[in-house]
Amino acid sequence: MTPVTTAAPRAATKAPARRVYAASVLLLSVWVLGPIYLLFVNTLSSPEAVNSFPKSFIPQFDLGSLAFFAKFDGMLAALGNSVIVAAMTMVMSIAIGAPAGYALSRFEFRGKELFRLLILLTRAFPLPLLALPLAVLFIRTGLDDTTFGLALVHTTLAIPFAVLITFSLFSGIPIELEEAAWTLGCTRLTAFTKVVLPLILPGITASAIFAFVISWNEVFAAAVLTIENRTLTAFLLQKLGDAPIHLKFAGGFILVTPALIFIFAVRKYLFAMWGIANR
Amino acid sequence: MAEIQIKNVAKAFGSYTALHDINLTIADQEFMVLLGASGCGKTTLLRIVAGLETATTGEVWIGGRRVDHLPPKDRGIAMVFQNYAVFPHLTVFENIGFGLRMKKLPEAEVKRRVERTATLMHIEQLLGRYSGELSGGQRQRVAVARALAMEPDVILMDEPLSNLDALLRLEMRAELKGVLAESKTTAIYVTHDQVEAMSLADRISVMHQGRIVQADKPVAIYRNPAAEFVAGFIGNPPMNFLPADPRGDGKWMVAGQVIDGPTHSGALKFAIRPEDVKLGDHGLPATVRLVEPLGAHLLVTCDVGGTLFRAVLDSDLSLKLGDTLTLTPQGDRQRWFDPATTLAVA
Ligand SMILES: Nc1ncnc2c1ncn2[C@@H]1O[C@H](COP(=O)(O)OP(=O)(O)OP(=O)(O)O)[C@@H](O)[C@H]1O
Ligand SMILES: [Mg+2]
């Protein structure tokens, strides 16, 4: 194996940097995956095992805690609300965010950079500050305690991401492709549907799913603005406040799992949001 | 009938003026080549005709119709883009057929035209591929085929053969010229390859810094450049220039020799093509500085009165550095330029 000997010195100089890198990756992974794994184990353990000590790190596959939720009163309705609100958020944030992203990438207008900055800054505005005026406004307009009202709030939370993701998607498509379509008999609209849309559809889907997850995970606005029509997060927050610990674990598990799956599915496109090329 | 008229077109990008007051008429079925150095505004002019860029001022007419307010699709044009713009999500077949399907032609006709143009461009065996699976030259031919398949009144081509090897380029050039003549298409063809321009064009427009310096038949451009820029840009090697002092009565002193020229007040520049001088008994005294054998000819770089001067001479001559020659300019090939205006003086 002669090549190894020639490669060895180079590998040696790189080794410390590689080790630091590997250690950082490991640390971050443990930081994120550790709690999730514990959640997973405790959800699938019997109540006794959850409360006993020392802890087991191997799940017993006891479905008791999860089964409890299946029969829990109001649980299914809350789940339904969560899906409805998240779906509405998804549709509205793409319907509003994608055209904005397109305009940002294709047109020159005054204040464009400021506009981009402002979009990001909306995320810096603390929701609790808005909660009271929003609640009052919603009660006045009759939007309080409706899934639509909550979806509106979630949409404002999701739009910045929708705009930034779609902006970077559109920017990745050379304008010449659209122009070629125009010279081949397309209007702006047909060029968009026949050329741009097929090319960005995967990215748009990802951005939509991301909006879905933002809404799914949101608890503050949901808790403040709804009473009867609670989403799952708000519902669990309220009901599990003084529930036994094994049920808290199971509730957390139910909340985390769909979000995790969705984010995993669209991870590639989340990089695109920061302008890092993904192809 | 698709005559193109470009009237007083100017284009500014912010404070930078890319085109100054362009006036150009391209006759129906004419093959017009836009020739000029990189950045002189060829693509910009083409895009204004296509409707992809709006002129700051001026009008564009195609086939007797004013089109500058119309979107590209209503101008009766097809365009080949400098960077191809082949749709990555469609196969070669779908790319070439894209415009035809937009026109809602029957599928049999789409198939016929796609196959015909693909065969013409030698890409018929690639019809099922995606653009990611093509080489640069193949992609470029897809772009040309896509425009040809439209059978437009006007075809605009932005360096459509730039990425092909020399042999294929020669072949495609001939094919293009043949097809466009047969289909009676008016063509504007952008290139910075002057050999290509000469061989393809009915007329050449030489552009320089956002202006059309001269628009004429290839031979006329070569023989009678209207400005110093054209004389120095066209031809390889380009024209020679020597300062000329007036001696009155249409006589001029060039490198110590008196030569007959135009009557004109003030100094002029004397110009002659390298191949238009012969070895003779009287004429310009030249000292050989460099000898480059080109096979058929000898390219000799000399010093004439302190100015570099190139001559194309017979390859049988045996010359060495420092030799002194007498170069006789062919009388009917002498040209004169006014250094103040840089324009030709008759
Ligand atoms: N969108 C634009 N904004 C600002 N300046 C531009 C724009 N498009 C072109 N220009 C400028 O206008 C000038 C002409 O550009 P153009 O693309 O027409 O050149 P060209 O003759 O096609 O050159 P090449 O042979 O390199 O393709 C260049 O100096 C270019 O920098
Ligand atoms: Mg160009």
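Residues numbered from 1 in each chain as written. Chains lettered and ligands numbered in written order. Predicted model: local features only at pLDDT ≥ 70, side-chain atom pairs only at ≥ 80, totals over all residues. Heavy atoms only, no water.

**Student:** Quick one: what's the story with the packing of helix α7 (residues 147–171) of chain A against helix α9 (residues 188–217) of chain A, residue by residue and with numbers?
**Tutor:** All names here are of chain A. Orientation of α7 relative to α9, taken along the N-to-C sense of each, is 145 degrees, at an axis distance of 9 Å. With respect to the hand of their crossing, α7 and α9 are arranged in right-handed fashion. Judged by residue contacts, His-154, Leu-157, Ala-158, Phe-161, Ala-162, Ile-165, Thr-166, Leu-169 and Phe-170 of α7 engage Phe-192, Val-196, Ile-200, Gly-203, Ile-204, Ser-207, Phe-210, Ala-211, Ile-214 and Ser-215 from α9. Its residues assigned to classes, the contact of α7 with α9 shows 14 nonpolar, five polar and no charged. (Axes fitted to C-alpha atoms, helices over the stretch in contact; angles between N-to-C directions. Helix = DSSP H or I, 4+ residues; strand = E, 2+ residues; numbered from the N terminus. Left-handed = near helix turned anticlockwise from the far one by under 90°. Contact = heavy atoms within 4.5 Å. Nonpolar A, V, L, I, M, F, W, Y, C, P; charged D, E, K, R; others polar.)

**Student:** Break down the domain arrangement of chain A for me, with residues and values.
**Tutor:** Residue and element names in this part refer to chain A. If you check the domain split of chain A, you get domain 1 (2–51) and domain 2 (71–277). The centre of domain 1, based on its C-alpha atoms, is set 32 Å off from the matching centre of domain 2. With eight residues of domain 1 at the interface, the matching set in domain 2 holds eight residues. Buried surface at the junction of domain 1 and domain 2, summed over both partners, amounts to about 750 Å²; 85% is from carbon and sulfur atoms. Looking at the side of domain 1 facing domain 2, the largest losses of area belong to Ile-36, Leu-39 and Thr-43, adding up to 52% of the total buried there. At the junction of domain 1 and domain 2, the tally comes to one residue pair in polar contact (both at pLDDT 80 or more). Going through the elements one at a time, α1 (2–43) and α2 (47–51) are the ones with two or more residues in the side of domain 1 that touches domain 2. (Domains from an automatic or database assignment. Buried area = accessible area lost by both parts, 1.4 Å probe. Polar contact = N/O pair within 3.5 Å; in protein donor to acceptor, adjacent residues only side chain to side chain.)

**Student:** Help me get a handle on the site of ligand 1, residues and values and all.
**Tutor:** All names here are of chain B. By nearness alone, 13 residues border ligand 1, and Ser-38, Gly-39, Lys-42, Thr-43 and Thr-44 come closest of all. For ligand 1, an oxygen atom lies 3.3 Å from a polar atom in the backbone of Cys-40. Protein chains bury 62% of the 640 Å² of accessible surface belonging to ligand 1 in isolation. Breaking the shell around ligand 1 down by element, the ones donating at least two residues are β2 (16–26) and α1 (42–50). When residues in the shell around ligand 1 are grouped by element, the largest group, three residues, is from α1. Residues belonging to the shell around ligand 1 are distributed by class as follows: four nonpolar, seven polar and two charged. (Near = heavy atom within 4 Å. Areas by Shrake-Rupley, 256 points an atom, 1.4 Å probe, with all protein chains shown as cover.)

**Student:** How would you sum up the domain arrangement of chain B? Please name residues and give values.
**Tutor:** Residues and elements named next belong to chain B. Domain annotation for chain B reports domain 1 (4–232) and domain 2 (239–337). On a C-alpha basis, the centroid separation for the pair domain 1 and domain 2 is 39 Å. In this assembly, ten residues from domain 1 lie in contact with nine residues from domain 2. A buried area of about 840 Å², summed over both sides, lies between domain 1 and domain 2, and 44% of it is on carbon and sulfur atoms.

**Student:** An account of the nonpolar core is needed here, citing residue identities and associated values.
**Tutor:** Residue and element names in this part refer to chain B. Membership of the largest hydrophobic core comes to 122 residues, with the highest contact counts inside it found for Phe-87, Ile-96, Phe-98, Ile-123, Leu-156 and Met-157. With residues up to four places along the chain from it excluded, the contact list for Leu-156 reads Leu-46, Val-49, Ala-50, Ile-77, Ala-78, Met-79, Val-80 and Ile-188. Among the nonpolar cores identified, the runner-up in size contains 24 residues, and Phe-270, Ala-286, Leu-298 and Leu-319 belong to it. (Core = buried A, V, L, I, M, F, W, Y, C linked by side-chain atoms within 4.5 Å. Buried < 20%, exposed > 50% of the residue type's maximum accessible area, 1.4 Å probe, protein only.)

**Student:** A description of the confidence of the model for chain B should follow, citing residues and the corresponding values.
**Tutor:** Confidence in the prediction for chain B averages 93 pLDDT; 100% of positions are at 70 or higher. Across the predicted assembly, pTM comes out at 0.78 and ipTM at 0.87. (pLDDT = per-residue confidence, 0-100.)

**Student:** Describe α7 of chain A, and please don't skip the residues or the numbers.
**Tutor:** Taking 1.5 Å per residue as the helical rise, α7 of chain A with its 25 residues ought to reach 36 Å, and the 34 Å between its terminal C-alpha atoms agrees with that figure. Along α7 of chain A, the largest kink reaches about 40 degrees and is centred on Ala-158 of chain A; proline Pro-160 of chain A follows within four residues of it. (Expected span 1.5 Å × (residues − 1). Bend = angle between axes of the 7 residues up to and from the residue.)

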